[in-house]
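# Examination of the molecular architecture
The lines below spell out each chain.
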Amino acid sequence: MMIKASPFSTFWHMGRTTLRWLISGWRIVLFGMLVLSLALSPATYQRENRHAIAYQIVLGTLQNLIWFSVLTSLVSLILIRIVVVTALSYGLSKYALEMVVRVLVLELIPLTAALFVALRRTLPDGVELAEMRRRGDLAQLELQGVDPIRREFFPRAVAGMFSVLMLAAVSCVLSLILAYLSIYGFTHWALPGYTRVVGQIFNPAVSMIFMLKTIFFSLAVSLSPLASSLYDTRETPLHSRSKAANELAAMVRLFFVILLIEVASLLGNYY
């Protein structure tokens, strides 16, 4: 026998869900303000903290940069070939380069870099910090006179931001080089026309939107998982069903924020 949910219970559930999302969003804002205050504090850059920041940046960027550059180069070659062949078949070869730059460099690479860093680095960092918090490791650091926010959270947040920016920058340059070689070959005679087309695409408005989108991607990828691990309840068991649901909600929330940023950039570029 099926029991129909009353309208009151449905609205109550929707209200609780909305309230949880609002609280989670406010916590991300609070954590972002905390990271900003730490970034402006001279005490954050003491010797031990500098070592932790440098270690996390190298650890989070080096391996991801190599793999992401290889994968991006392979995918870029495939997409460039598809776009060029399709443009030639429809007699639109003069628009092939512009399509490649707009689709690949402006839209796909920053989005892919953010998702790659989130799955490979910041989401696992959030889980690791949540486990450290429940085991009491962060409390032990406080007893030793060490600020766990400066020592553990801030370096990972900075590393996540730096990774997204570095992966996006390097991959965009590689894609532009591969686009030139795929369309014009190993010759320098087409370089003036190529740079003119790329320069027309990256006008001041598009360049500003591109930079802002990449920066907001890096902030979302870095702050959202770490804020969830910082403000999670201590009473939640490590392997409980509610903890798994909270981690899934944090992942969905992160992807939702990334989607909003991407939609806003599309509106800014094409409307």
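Residues numbered from 1 in each chain as written. Predicted model: local features only at pLDDT ≥ 70, side-chain atom pairs only at ≥ 80, totals over all residues. Heavy atoms only, no water.

Turning to the overall build of the chain, a few remarks are in order. Along the backbone of the chain there are 8 helices and 0 strands. Secondary structure elements of the chain occur, N-terminal to C-terminal, as α-α-α-α-α-α-α-α. Here the chain holds 271 residues, and 40% of them are scored as buried. (Helix = DSSP H or I, 4+ residues; strand = E, 2+ residues; numbered from the N terminus. Buried < 20%, exposed > 50% of the residue type's maximum accessible area, 1.4 Å probe, protein only.)

So, on to the side chain of Asn64. Take Asn64: it is sitting in helix α2 (residues 47-89). Residues in contact with Asn64, not counting those within four places in the same chain, are Ser69, Phe116, Arg120, Arg121 and Leu167. (Contact = heavy atoms within 4.5 Å.)

Further remarks concern the pattern of salt bridges. Taken as a whole and assessed by the stated rule, the structure comprises 9 salt bridges. Glu98 is paired through a salt bridge with Arg102; the nearest N and O atoms lie 3.2 Å apart. Placement of the pair is Glu98 and Arg102 together in helix α3 (residues 96-135), with a separation of 4 residues, close to one helical turn. Residue classification places Glu98 among the partly exposed positions, given a relative accessible area of 30%. Relative accessible area serves as the criterion here: at 21%, Arg102 is assigned to the partly exposed category. In this structure, Arg135 and Asp137 form a salt bridge, with 2.7 Å as the shortest nitrogen-oxygen distance. (Salt bridge = Lys/Arg side-chain N within 4 Å of Asp/Glu carboxyl O.)

Among the secondary structure elements, Thr44 is positioned in the loop between α1 (7-39) and α2. Residue classification places Thr44 among the buried positions, given a relative accessible area of 0%. Each residue touching Thr44, except ones within four places of it in the same chain, is listed here: Leu38, Asn49, Arg50, Ile53, Arg150 and Phe154.

Looking now at helix α7 (residues 204-231). With 28 residues, α7 extends 39 Å from end C-alpha to end C-alpha; this agrees with the ideal 40 Å at 1.5 Å per step. Between a side-chain oxygen at the N-terminus of α7 and the backbone nitrogen of Ala205 the separation is 3.1 Å; the capping residue is Asn203. (Expected span 1.5 Å × (residues − 1). Polar contact = N/O pair within 3.5 Å; in protein donor to acceptor, adjacent residues only side chain to side chain.)

Our next topic: the environment of Ser41. Looking at the secondary structure, you find Ser41 in the loop between α1 and α2. Only 3.2 Å separates the side chain of Ser41 from the side chain of Arg150, close enough to count as a polar contact.

Here we come to a nonpolar patch on the surface. Together, Val75, Ile78, Leu79, Ile82, Val103 and Leu108 make up an exposed nonpolar region whose accessible area comes to about 490 Å². Those elements giving two or more residues to the nonpolar patch turn out to be α2 and α3. With 4 residues, the top contributor of residues to the nonpolar patch is α2. (Patch = residues over 30% accessible without salt bridge, like charges linked within 9 Å, V, L, I, M, F, W, Y side chains within 5 Å. Areas by Shrake-Rupley, 256 points an atom, 1.4 Å probe, with all protein chains shown as cover.)

Helix-helix packing is described using two parameters, namely the angle between the two axes and the distance between the axes. For the pair α2 and α3, the least separation of the axes is 9 Å and the interaxial angle reads 150°. Comparing their axes, α3 and α2 come out roughly antiparallel. Considering the relative orientation of α2 and α3, their crossing is right-handed. For the contact of α2 with α3, the residue count by class is 17 nonpolar, 6 polar and 2 charged. (Axes fitted to C-alpha atoms, helices over the stretch in contact; angles between N-to-C directions. Parallel < 35°, antiparallel > 145°, perpendicular 65-115°, else oblique. Left-handed = near helix turned anticlockwise from the far one by under 90°. Nonpolar A, V, L, I, M, F, W, Y, C, P; charged D, E, K, R; others polar.)

Here the focus is the nonpolar core. Ranked by size, the top nonpolar core spans 22 residues in total, and within it Ile80, Val100, Val101, Ala179 and Tyr194 carry the most contacts. The set of elements that each furnish at least two residues to this core consists of α2, α3, α5 (148-184), α6 (191-201) and α7. The residues touching Tyr194, leaving out its near neighbours within four places in the chain, are Leu97, Leu176, Ile177, Ala179, Tyr180 and Tyr184. Listed in part, the 19 residues of the second largest apolar core include Ile28, Phe31, Leu38 and Phe154. (Core = buried A, V, L, I, M, F, W, Y, C linked by side-chain atoms within 4.5 Å.)

This next bit is on the packing of aromatic side chains. Inspection of the entire model under this criterion finds 6 aromatic pairs. Pairing Tyr180 with Tyr194 gives two aromatic rings, centres 5.0 Å apart and planes at 70°, and the pair type is edge-to-face. With Tyr180 in helix α5 and Tyr194 in helix α6, this pair connects stretches of sequence that are 14 residues apart. Seen from their ring centres, Tyr184 and Tyr194 are 6.3 Å apart, and the 80° between their planes marks the pair as edge-to-face. Of this pair, Tyr184 sits in helix α5 while Tyr194 sits in helix α6, and the two are 10 residues apart along the sequence. Accessibility expressed as a relative area gives 34% for Tyr184, which makes it partly exposed. Here the aromatic residues Tyr180, Tyr184 and Tyr194 are joined through ring pairs into a cluster of three or more. (Phe/Tyr/Trp six-rings, centres within 6.5 Å; stacked < 30°, edge-to-face > 60°.)

UniProt tags residues 20-45, 65-93, 99-119, 158-181, 201-227 and 248-268 as "transmembrane region" (unreviewed entry). In this annotation, residues 99-119 is assigned 100% helix and 0% strand; the end-to-end C-alpha distance for the span is 28 Å. (UniProt positions renumbered as here; feature names shortened; annotations may be inferred.)

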